[in-house]
Amino acid sequence: MHCPVCHSQLEFKEVTPCDECGADDFEIDQFKEHKYHEYVLYHGLRLVLCDFCDVDFGSFNPTYFGFQKGKRIGYEDFQIVREITDIKMTKGKFCPKCSYNLPFLKFVIECRVKNSK
């Protein structure tokens with residue numbers, strides 16, 4: 001399977017519950033120190049994010065998700081669905097070039113598609 005964003009070959013790896021940073025080696029070493037929540041973000045799309053990635057989300061360039069340049073994005077747009085309490089490592093697909101897990105990459109593409117309409 002290939003990355004939906006850059007089309008690089010995806011790899012399997014142990015990942016944390018965070019859909020964004022879950023494949024990052026630094027985060028893997030300290031994943032139990034984080035809290036994780038499932039959120040509804042834009043266009044009804046969902047992500048599981050750690051307590052660092054949710055707060056840092058606004059640092060993304062909004063055009064990465066297909067939003068207009070200058071649009072403010074961030075935590076204030078999130079709706080908490082639930083806290084993830086069963087925190088464990090799982091096998092997941094990630095892109096070594098983009099450095100994101102497959103669920104986050106799918107979110108990016110789906111958000112771009114919805115923003116293009």
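Not measured: the values here are computed from a predicted model. (Residues numbered from 1 in each chain as written. Predicted model: local features only at pLDDT ≥ 70, side-chain atom pairs only at ≥ 80, totals over all residues. Heavy atoms only, no water.)

Caption draft 1: Focus on the environment of Tyr-64. Along the chain, Tyr-64 falls in the loop between α2 (53-56) and β4 (79-84). The spatial distance from the C-alpha of Tyr-64 to the C-alpha of Cys-111 is 9.3 Å, given a sequence separation of 47 residues. Excluding residues that lie within four positions of it along the chain, Tyr-64 makes contacts with Val-5, Tyr-100, Phe-104, Val-108 and Arg-112. (Helix = DSSP H or I, 4+ residues; strand = E, 2+ residues; numbered from the N terminus. Contact = heavy atoms within 4.5 Å.)

Caption draft 2: Seen up close, helix α3 (residues 102-115). Between its first and last C-alpha atoms α3 spans 20 Å; for 14 residues at 1.5 Å apiece the expected length is 20 Å, and the two agree. Among the residues of α3, those classed as buried are Leu-102, Phe-104, Leu-105, Phe-107, Val-108, Cys-111 and Asn-115. (Expected span 1.5 Å × (residues − 1). Buried < 20%, exposed > 50% of the residue type's maximum accessible area, 1.4 Å probe, protein only.)

Caption draft 3: View of the environment of His-43. Position of His-43 among the secondary structure elements: in the loop between β2 (36-40) and β3 (46-50). It is 7.2 Å that separates the C-alpha atoms of His-43 and Cys-111, two residues lying 68 residues apart in sequence. Contact partners of His-43, with chain neighbours within four places excluded, come to Phe-67, Cys-111, Lys-114 and Asn-115. At 2.6 Å, the side chain of His-43 forms a polar contact with the side chain of Asn-115. (Polar contact = N/O pair within 3.5 Å; in protein donor to acceptor, adjacent residues only side chain to side chain.)

Caption draft 4: The confidence of the model for the protein chain, seen in detail. Confidence in the prediction of the protein chain, expressed as mean pLDDT, is 93, and 100% of residues score 70 or more. In the model of the protein chain, helix α1 (residues 25-29) stands out as the element of lowest mean pLDDT, 83, in contrast to β2, which has the highest, 97. (pLDDT = per-residue confidence, 0-100.)

Caption draft 5: Quick peek at the pattern of salt bridges. Applying the stated criterion across every chain yields a total of 5 salt bridges. Of the charged contacts, one joins Asp-25 and Lys-13 as a salt bridge, the two residues approaching to 2.9 Å between their closest N and O atoms. A residue pair is termed long-range when its members are at least 10 positions apart, and Asp-25 in helix α1 and Lys-13 in strand β1 (residues 11-15) qualify at 12 residues. Residue class for Asp-25 comes out exposed when judged on its relative accessible area of 52%. A relative accessible area of 18% means that Lys-13 is categorised as buried. (Salt bridge = Lys/Arg side-chain N within 4 Å of Asp/Glu carboxyl O.)

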